[in-house]
Structure formats: C-alpha cells, structure tokens
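# Commentary on secondary and tertiary structure
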Amino acid sequence: MVFLAIVIGCVLGAIIGMNGPVISYTYSGYVAIAIIAALDSVFGGITSVLKGNFDLKIFISGFFGNAILSIMLTWLGVKLNVDIYLAAIVVFVGRMFTNLAIIRRYYIDKWSNKMQEVKTVINTSKKENEKI
C-alpha cells in the first residue's frame, strides 16, 4: 500500500514538475535542500515499513521538520555567508544511503530465501521421481 502511494506521488510529481513554473535561481538552493531532506524521510519511512515499526506521526513530523530545519539552515548560511547547508546535505545523504542499503539487503535476502525454497522443492521432487 505504501509503495502504491509512493508510485502515485512520483507520477504526480513528475506531471506537476513538467507543467509547473520554473523555480528561480534565488530559491533553487532552498528547494534542493528541502527535497533532499524529504527524500531522506521517505527512505526512512520505507525502511520502517520493512522493519515493521512505521508510525505515520513520526514520518509526517520528520518529513516536514527535516525540510523546514534544512531550509532554515540554508537561509542562515546565506545570511552569514557560510555554507552551512553542506552539513545538512552530508547528514541527509548519508542517512539516505544507509536506508537504501537496508532496503536493498531486505529485498536481496527475501529473493535469496525464495530461490533457496525453489531449489529445495526441485531437489525434493527429483528425489521422489528417482524412487519411482
């Protein structure tokens, strides 16, 4: 169900993105860091679903809280003429890769277990055919 929502959201985002207005260069840094923070929350949510401890309140608060905090850090960095947003990028992208690794391992283990079951069934049926 969550994956269906993600696919629908991606399709809607692509359609809106192709037909939406172009973001000016002034705000592109803010939008980029907000998107990275939001993607971090999405990957964290998928990981939570796979682990079986997903909580919608935590997901929503993390989604908007991370995006707002990263925008505020970017704004502060612009005012101080310091690239503070780089710290947020390092943290969020690092967490995204960690969550992606967890998701990847989950599906590889699931696929490996399924292949092992198929091999067991094939070997069992071969042994039964040899007895006959």
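Each remark here, short or long, concerns the structure printed above.
Note that this is a predicted model, so its numbers are computed, not measured.

What follows concerns the packing of aromatic side chains. Within this structure, the stated rule accounts for 4 aromatic pairs. Residues Phe59 and Phe63 carry aromatic rings whose centres are separated by 5.9 Å and whose planes lie at 40 degrees to one another, so their mutual orientation is tilted. Here Phe59 pairs with Phe63, and both are found in helix H3 (residues 56–80), just 4 residues apart, close to one helical turn. Judged by its relative accessible area of 21%, Phe59 falls in the partly exposed class.

Let us look at the packing of helix H2 (residues 25–51) against H3. One can describe the packing of H2 onto H3 by two numbers: an axis separation of 8 Å at closest approach and a directional angle of 155 degrees. In terms of orientation, H2 lies roughly antiparallel with respect to H3. Regarding H2 and H3, the two cross each other, and that crossing is right-handed. When H2 is examined against H3, the residues Gly29, Tyr30, Ile33, Ala34, Ala37, Ala38, Asp40, Ser41, Val42 and Gly45 are found in contact with a partner set consisting of Phe59, Gly62, Phe63, Asn66, Ala67, Ser70, Ile71, Thr74, Trp75 and Val78.

What counts, and where the lines are drawn
- Residues numbered from 1 in each chain as written.
- Predicted model: local features only at pLDDT ≥ 70, side-chain atom pairs only at ≥ 80, totals over all residues.
- Heavy atoms only, no water.
- Phe/Tyr/Trp six-rings, centres within 6.5 Å; stacked < 30°, edge-to-face > 60°.
- Helix = DSSP H or I, 4+ residues; strand = E, 2+ residues; numbered from the N terminus.
- Buried < 20%, exposed > 50% of the residue type's maximum accessible area, 1.4 Å probe, protein only.
- Axes fitted to C-alpha atoms, helices over the stretch in contact; angles between N-to-C directions.
- Parallel < 35°, antiparallel > 145°, perpendicular 65-115°, else oblique.
- Left-handed = near helix turned anticlockwise from the far one by under 90°.
- Contact = heavy atoms within 4.5 Å.

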